[in-house]
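Below are the chains, spelled out letter by letter.
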Amino acid sequence: MTLTNKPVYRLKQPGDYFRQINPEHSKQMKNSRIWQLIAALVLLLQPVYSQNGAYIETDSLYASGIKLIPGSSRDNAQFIVQEKKGMKIKYTPDQLNEYGFSGGPVYKSRTISVDGQPRRVFLERIRHGEITLYYYTEKGLRTFYLEKDSTVFVEIPGSRDFRTPVIENTDDFEWKGNQVQLVRYKRNSLAKLVSMYNKGINRPLPYYRFGINTGYSRMSLTVPDAMTIRQLDAISFTPASSVSFGIFTDLPIMMSDFSLNAGVNLSKHGFSANNTTSQSDIDVVINVTTANIPVLLRYTLPTMVWRPFLNAGGTYSCHLKYKREFYESTFNGDIVIINDVDSDSSPPGGALGYSFGIGLQYNLDYRKTSSLELRYNQFPGNVNKLNTSYLEVLASFSF
């Protein structure tokens, strides 16, 4: 046996052998794989680009990255204009299958019935999925359409029974709390319901609420450092309690779990305080009837029955009735001199403050709710106005 110093190659795969015997061909194959990978990435990214760029589509043509000139909702339902090399080309629903703007929306060409006559129009696609929601508008008309599984295409008429086709085409989903009964004939409301169905999400549908509340109000007064009213020096007020009554509204923001909560709460409080020194005795009596007007941003957890919530925002306080009286006595040896009563019935003006609270809402049925809330309001004072704060426990009912 003859031993040599030649290198020994161990072939792991047929490709390893090929690379050893033909390195130039191996390099060509590597480059080929790179180009194949690039081509695959281009194909994968094309739908993403198409969604972000404006496009038009016919039976035989798809053009993306073009410039479309948007018009009003009514115009977009009848035609679309493309600007190309300084020229403007107008397309009608008979010429295009669909078109879309950069970032949306998308319009589909469909035949619908208008005044009993078939007409080819562009429908705006609001939601897309197992159920697709479309919107159409022209002068004196606005309506919605549902498409399901590309086989069912029905109109949602703008009448009192508009929920009927919605219920019929979503009856395979076990709605809780009768959310369909809360849907309104509005874009955002119908879009929210369709999105919930397509995603299989069963949660409360946001809706406009109005209600009343009553509760306990604890009002506190403190003297600010900037106060210039001499009689209030070194005065300390004991917090006063009262029953409060009010009305409120809760308005969903873009059909989300956030809402704008605003209302008016009325309360009546009375205070008395005393400050005695070696030279004088001062008694202060204040009676006030107040309207607090909060405007709050509220977040409600999207659970079905028990729904915790948080809210925070601004509030305005207005004194409907106000009376402040000072009773001052001075001492001169054994002689007590009682001065005239100083009375002021002019309110010190309204005050802006902040408010925040936490509460729990209970859904009595698909529309009616009750809730219990703990809320704090603070109003800063100035040279002639006392610092004011309210701690409230509010029970409310809405419908």
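Residues numbered from 1 in each chain as written. Predicted model: local features only at pLDDT ≥ 70, side-chain atom pairs only at ≥ 80, totals over all residues. Heavy atoms only, no water.

**Student:** Tell me about the layout of surface pockets, and name the residues and values.
**Tutor:** What the largest pocket holds in volume is close to 320 Å³. Forming the boundary of the largest pocket are 23 residues, of which P204, L205, P206, Y207 and R307 lie nearest the centre. For the lining of the largest pocket, the elements supplying multiple residues, two or more each, are β13 (240-252), β14 (258-276) and β19 (351-363). In the lining of the largest pocket, the residues fall into nine nonpolar, eight polar and six charged. Within this model, the second largest pocket holds a volume of roughly 160 Å³. L182, R184, K186, N188, S189, P206, Y207, Y208, P252, M254 and M255 are the residues that line the second largest pocket. Grouping the amino acids of the lining of the second largest pocket by side-chain chemistry returns seven nonpolar, two polar and two charged. (1 Å grid on protein atoms, 1.4 Å probe; cavity = no way out; pocket = protein on both sides within 12 Å on 5 of 7 lines; lining within 4 Å. Points joined across faces, edges and corners; volume = space filled by probe spheres on them. Helix = DSSP H or I, 4+ residues; strand = E, 2+ residues; numbered from the N terminus. Nonpolar A, V, L, I, M, F, W, Y, C, P; charged D, E, K, R; others polar.)

**Student:** I'd like a rundown of a positive patch on the surface, residues and numbers included.
**Tutor:** On the surface, R142, R184, K186 and R367 cluster together to form a positively charged patch. Tracing the sequence through the fold places K186 in the loop between α4 (163-169) and α5 (187-199). By relative accessible area, which is 41% here, K186 ends up partly exposed. (Patch = residues over 30% accessible without salt bridge, like charges linked within 9 Å, V, L, I, M, F, W, Y side chains within 5 Å. Areas by Shrake-Rupley, 256 points an atom, 1.4 Å probe, with all protein chains shown as cover. Salt bridge = Lys/Arg side-chain N within 4 Å of Asp/Glu carboxyl O. Lys, Arg positive; Asp, Glu negative; His and termini not counted. Charge placed at Lys NZ, Arg CZ, Asp CG, Glu CD. Buried < 20%, exposed > 50% of the residue type's maximum accessible area, 1.4 Å probe, protein only.)

**Student:** For the sheet that holds strand β5 (residues 87-91), give the residues involved together with the corresponding values.
**Tutor:** The strands making up a sheet are joined through hydrogen bonds of the backbone, oriented either antiparallel or parallel. In space, the three strands of this open sheet follow the order β3-β4-β5, with antiparallel pairing throughout. This sheet does not close on itself; its edge strands, each paired only once, are β3 (67-69) and β5. Strand-to-strand twist of the sheet, defined as the mean angle between neighbouring strand axes without regard to direction, takes the value 35°. Relative to β5, strand β4 (residues 80-84) runs antiparallel, the two sharing five bridges. Its bridge partner lying in β5, E83 is registered against K88. (Pairing = 2+ DSSP bridges. Axes fitted to C-alpha atoms, helices over the stretch in contact; angles between N-to-C directions.)

**Student:** Tell me about empty space enclosed by the protein, residues and numbers included.
**Tutor:** Counted under the stated rule, the structure contains three cavities of 30 Å³ or more. The wall of the largest cavity is formed by 21 residues, among which H319, P348, K385, L386 and T388 lie closest to the centre. Broken down by element, the lining of the largest cavity gets its largest block of residues, four residues, from strand β16 (residues 306-332). Class assignment of the residues belonging to the lining of the largest cavity gives a composition of 13 nonpolar, six polar and two charged. Lining the second largest cavity are 18 residues, with N213, F248, R298, E373 and R375 sitting closest to its centre. Every element with two or more residues in the lining of the second largest cavity is listed here: β12 (209-222), β13, β14, β15 (280-300), β20 (369-379) and β21 (387-398). With five residues, the top contributor of residues to the lining of the second largest cavity is β14. Here the residues of the lining of the second largest cavity are counted per class, giving seven nonpolar, seven polar and four charged.

**Student:** Describe in detail the pairing of β4, supporting the description with residues and values.
**Tutor:** With three bridges joining them, β3 and β4 adopt antiparallel strand pairing. By the bridge assignment, L68 is partnered in β4 with Q82. The hairpin turn running from β4 into β5, its antiparallel successor, is two residues long, and K85 in that turn takes a positive phi close to 55°.

**Student:** Lay out the pattern of salt bridges with the relevant residues and their values.
**Tutor:** Under the definition given, this model contains eleven salt bridges. With its nearest N and O atoms 2.9 Å apart, the salt bridge here joins E98 to K108. In this pair, E98 is assigned in strand β6 (residues 98-100) and K108 in strand β7 (residues 106-114), connecting sequence segments ten residues apart. A relative accessible area of 23% places K108 in the partly exposed class. Close ionic contact of E138 with R119 constitutes a salt bridge, the shortest N to O distance being 2.5 Å. Taken together, the residues E138 in strand β9 (residues 131-138) and R119 in strand β8 (residues 117-127) connect sequence positions 19 residues apart.

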